[in-house]
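What follows is the residue order along each chain.
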Amino acid sequence: MDPLAELDARVTRCAACPRLVAWREEVGRVKRAAYQDWTYWARPVPGFGPPDASLLVIGLAPAAHGGNRTGRMFTGDRSGDVLYAALHELGLASSPLAVSLDDGLTLRGVRVTSPVHCAPPENKPTPEERDTCRPWLVRELELLAPRLRAAVVLGAFGWQAALPAFAEAGWRVPRPRPRFAHGARVTLERGTPAADGSGPVTLYGCFHVSQRNTFTGRLTPEMLRDVLREAAGEACLPPYAPPDSPPPAPG
Ligand code: SF4
C-alpha cells in the first residue's frame, strides 16, 4: 500500500484524545436534523489528495457536521464549498462541489489536511489535543517532502500548529517564529541537504474559510483565490487547460 494511504488508514483508527473521541461519536449519534438519514463518519478524518502533491492546504480540524459526517476534509459544509470552488477555478479540483466520499472529486497536485483530525467542540481543540495530533501531520509532511513546495495555512490556529510540525519534519523555522497574517509569506529551508529531492517550502497565511469569515466578507473568494494562485505558482502547478480548449490560432 502507498505509505500515505497507509498513514491515512492509520489516522482513522486513532483514539488518543478522550474528549474528542467522545465528542465526534456523540455528534454522530445525535446528528443534525437535516442529516438524520446519514450514517456519520464519527472518526478521525485523514488528509485528502494525491501523494505527489506539491501544494498543501492546512486547515484547523474537521467540522462536526462536515468532515465528521462525510469522512473527508472540508466535505459537506460551507467552508468546503468556498475552498473547493476556489481550487476548481484554479484547475486544482475536478469539481467545485464536495458533498460525500463517493462524489468523485479529485485534486490535482494539492492535498488538504489539518493539524487536528477529529472534530472538536466549538471548533476549538485544546493545546494538548493539538500537540497530541501533531505526529500525524509531521509524518504526512515527511511523506510529502520530496515534492512539497508550498503550503497555504488557513487561520492562526493552523499556522501555530503547522510551524512546529514543519520543524519536526526537517524544515528550519525562523526564530522568533513568523506571525500569522492574511498574506503572510515565509520560506522554510530544509535543515539538512536531503537526497530525496525535498527542498524549501513556502508557507502562505490565509484567513480561514470559516462561515464567520466568509459571511462577513473578512475573506472573500477573490482573496482566497489570490493566495491559492500564488501558492500554486510556487508549487509549479500551472493553470489547468481544459481538454476541450480550442487549439491556439496558427501564426
Ligand atoms: S485529534 Fe488526532 S490524536 Fe486526537 S484522537 Fe483525533 S486523530 Fe487521534
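Preceding this paragraph is the structure being described.
The rules behind the values
- Residues numbered from 1 in each chain as written.
- Predicted model: local features only at pLDDT ≥ 70, side-chain atom pairs only at ≥ 80, totals over all residues.
- Heavy atoms only, no water.
- Helix = DSSP H or I, 4+ residues; strand = E, 2+ residues; numbered from the N terminus.
- Rg over C-alpha atoms; globule rule 2.2 N^0.38 Å.
- Buried < 20%, exposed > 50% of the residue type's maximum accessible area, 1.4 Å probe, protein only.
- Near = heavy atom within 4 Å.
- Nonpolar A, V, L, I, M, F, W, Y, C, P; charged D, E, K, R; others polar.
- Core = buried A, V, L, I, M, F, W, Y, C linked by side-chain atoms within 4.5 Å.
- Contact = heavy atoms within 4.5 Å.
- Polar contact = N/O pair within 3.5 Å; in protein donor to acceptor, adjacent residues only side chain to side chain.
- Pairing = 2+ DSSP bridges.
- Salt bridge = Lys/Arg side-chain N within 4 Å of Asp/Glu carboxyl O.

Undergrad: Pulling in residues and values, what's your account of the overall build of the protein chain?
TA: Assigned secondary structure in the protein chain consists of eight helices and six strands. In sequence order, the protein chain lays out its α and β elements as α-α-β-α-α-β-α-β-α-β-β-β-α-α. Here the C-alpha radius of gyration of the protein chain, 18 Å, is about what a compact globule of 251 residues would show, namely 18 Å. Each principal axis of the C-alpha distribution contributes one length, and for the protein chain these read about 65 × 45 × 40 Å. In the protein chain, which comprises 251 residues, the proportion classed as buried is 51%.

Undergrad: Account for the site of the ligand, with residues named and values stated.
TA: Lining the immediate surroundings of the ligand are Cys14, Ala16, Cys17, Leu20, Pro44, Val116, His117, Cys118, Thr132, Cys133 and Trp136. Looking at the shell around the ligand residue by residue, the class counts come to nine nonpolar, two polar and no charged.

Undergrad: Explain the nonpolar core to me, and be specific about the residues and the numbers.
TA: Ranked by size, the top nonpolar core spans 33 residues in total, and within it Leu55, Tyr84, Val112, Val152 and Leu228 carry the most contacts. Elements represented by at least two residues in this core include exactly strand 1 (55-58), helix 4 (78-89), strand 2 (110-113), strand 3 (150-154), strand 6 (201-206) and helix 8 (221-234). No other element matches the five residues that helix 8 contributes to this core. Here Val112 is in contact with Gly47, Phe48, Val57, Met73, Phe74, Leu83, Tyr84, Leu87 and Leu107, once residues within four sequence places are set aside. In this structure, Ala151, Leu163, Trp171 and Val173 belong to the second largest nonpolar core, which totals 29 residues.

Undergrad: Summarise unusual backbone geometry; cite the residues concerned and give the values.
TA: The step from Arg175 to Pro176 runs through a cis peptide bond, and the omega angle for that step is -5°. Here Pro176 lies in the loop between strand 4 (171-172) and strand 5 (185-190). Although it is not a glycine, Ala42 sits at a positive phi angle of roughly 55°. As for its placement among the helices and strands, Ala42 is situated in the loop between helix 2 (18-30) and strand 1. Non-glycine residue Glu122 carries a positive phi angle of around 55°. By secondary structure assignment, the location of Glu122 is in the loop between strand 2 and helix 5 (127-144).

Undergrad: Please set out the environment of Trp171 residue by residue, giving values where relevant.
TA: Following the sequence through the fold, Trp171 ends up in strand 4. Residue contacts for Trp171: discarding those within four places in its chain leaves Leu141, Ala145, Leu148, Phe166, Leu188, Glu189, Arg190, Gly191, Gly199, Pro200 and Val201. For Trp171, the side chain forms a polar contact with the main-chain oxygen of Gly199, separated by 2.8 Å.

Undergrad: Tell me what's going on with the side chain of Ser114, and back it up with residues and numbers.
TA: Mapped onto the elements of the fold, Ser114 is located in the loop between strand 2 and helix 5. Look past the residues within four positions of Ser114 in its chain and what remains in contact with it is Ile58, Gly59, Leu60, Ala61, Pro62 and Met73.

Undergrad: Describe the sheet that holds strand 3, and please don't skip the residues or the numbers.
TA: Read from one edge to the other, the open sheet built from six strands follows the order 2-1-3-6-5-4, with strand pairing classed as mixed. Because the sheet does not close on itself, it has two edges, and the strands there are strand 2 and strand 4. Across four bridges, strand 1 lies against strand 3 in parallel orientation. When the bridges of strand 3 are listed, Ile58 appears paired with Val153.

Undergrad: Account for the pattern of salt bridges, with residues named and values stated.
TA: Summed over all chains, the structure comprises twelve salt bridges. For Arg134, the salt bridge identified is with Glu168, shortest N-O distance 3.3 Å. Of this pair, Arg134 sits in helix 5 while Glu168 sits in helix 6 (residues 155-168), placing them 34 residues apart in sequence. Residue classification places Arg134 among the buried residues on the basis of a relative accessible area of 17%. For the salt bridge of Arg139 with Glu142, the shortest nitrogen-to-oxygen distance reads 3.0 Å. Placement of the pair is Arg139 and Glu142 together in helix 5, with a separation of three residues, close to one helical turn. Residue class for Arg139 comes out partly exposed when judged on its relative accessible area of 36%. In this structure, a network of salt bridges that share partners links the residues Arg130, Asp131, Arg134 and Glu168.

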